[in-house]
Amino acid sequence: RADGTTAKAPLMYRQGTMAYTEGDVGGAKVQVLDLPYKVDEVSMAVLLPEAGGLAKVEAGLTAKAVAGWLAAARPYDVHAHLPRFRAEAEYKLNG
């Protein structure tokens, strides 16, 4: 948590070769992982700020910074443990 407290949450685990890099924004270091889905058709950029750096990253984050990190990312063997989540969206089509 951003306030330094912890909470237990179910995790998902992913191991494999994924694009990874490190950068900085707003004076805070950040780790960047490009997590692929559906055989590389879609991916999600996961940002992990250094301890205490979340507010700095949030304040300085731009699309240009994320694009630069993803362009600089290189393949690494990664073991990723992330909190389990579900994303849903609705779209209204014209017609």
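Treat the numbers as computed from the prediction; the structure is a model and nothing was measured.

Undergrad: Would you mind going over the overall build of the protein with me for this structure?
TA: From N to C terminus, the protein includes two helices and four strands. Ordering the α and β elements of the protein from the N terminus gives β-β-β-α-α-β. For the protein, the spread of C-alpha atoms along the three principal axes comes to 45 × 30 × 30 Å. With 95 residues in all, the protein has 22% of them scored as buried. When contacts within the protein are restricted to residue pairs at least 6 apart in sequence, long-range pairs at least 24 apart make up 55% of them. Of note, the protein has its 11 positive side-chain charges centred 3 Å away from the centre of its 11 negative side-chain charges.

Undergrad: Please explain the nonpolar core as it appears in this structure.
TA: Within soluble globular proteins, side chains that are nonpolar tend to cluster in buried spots. Formed by M18, Y20, L33, L35, V46, V78, A80 and L82, the largest nonpolar core amounts to eight residues. Put simply, the parts of the chain that give this core at least two residues each are β1 (11-25), β2 (28-37) and β4 (74-83). Setting aside residues up to four positions removed in sequence, V46 forms contacts with Q31, V32, L33, L35 and L82. Core analysis: the second largest hydrophobic core is formed by six residues, A28, V30, V32 and W69 among them.

Cut-offs and rules
Residues numbered from 1 in each chain as written. Predicted model: local features only at pLDDT ≥ 70, side-chain atom pairs only at ≥ 80, totals over all residues. Heavy atoms only, no water. Helix = DSSP H or I, 4+ residues; strand = E, 2+ residues; numbered from the N terminus. Buried < 20%, exposed > 50% of the residue type's maximum accessible area, 1.4 Å probe, protein only. Contact = heavy atoms within 4.5 Å. Lys, Arg positive; Asp, Glu negative; His and termini not counted. Charge placed at Lys NZ, Arg CZ, Asp CG, Glu CD. Core = buried A, V, L, I, M, F, W, Y, C linked by side-chain atoms within 4.5 Å.

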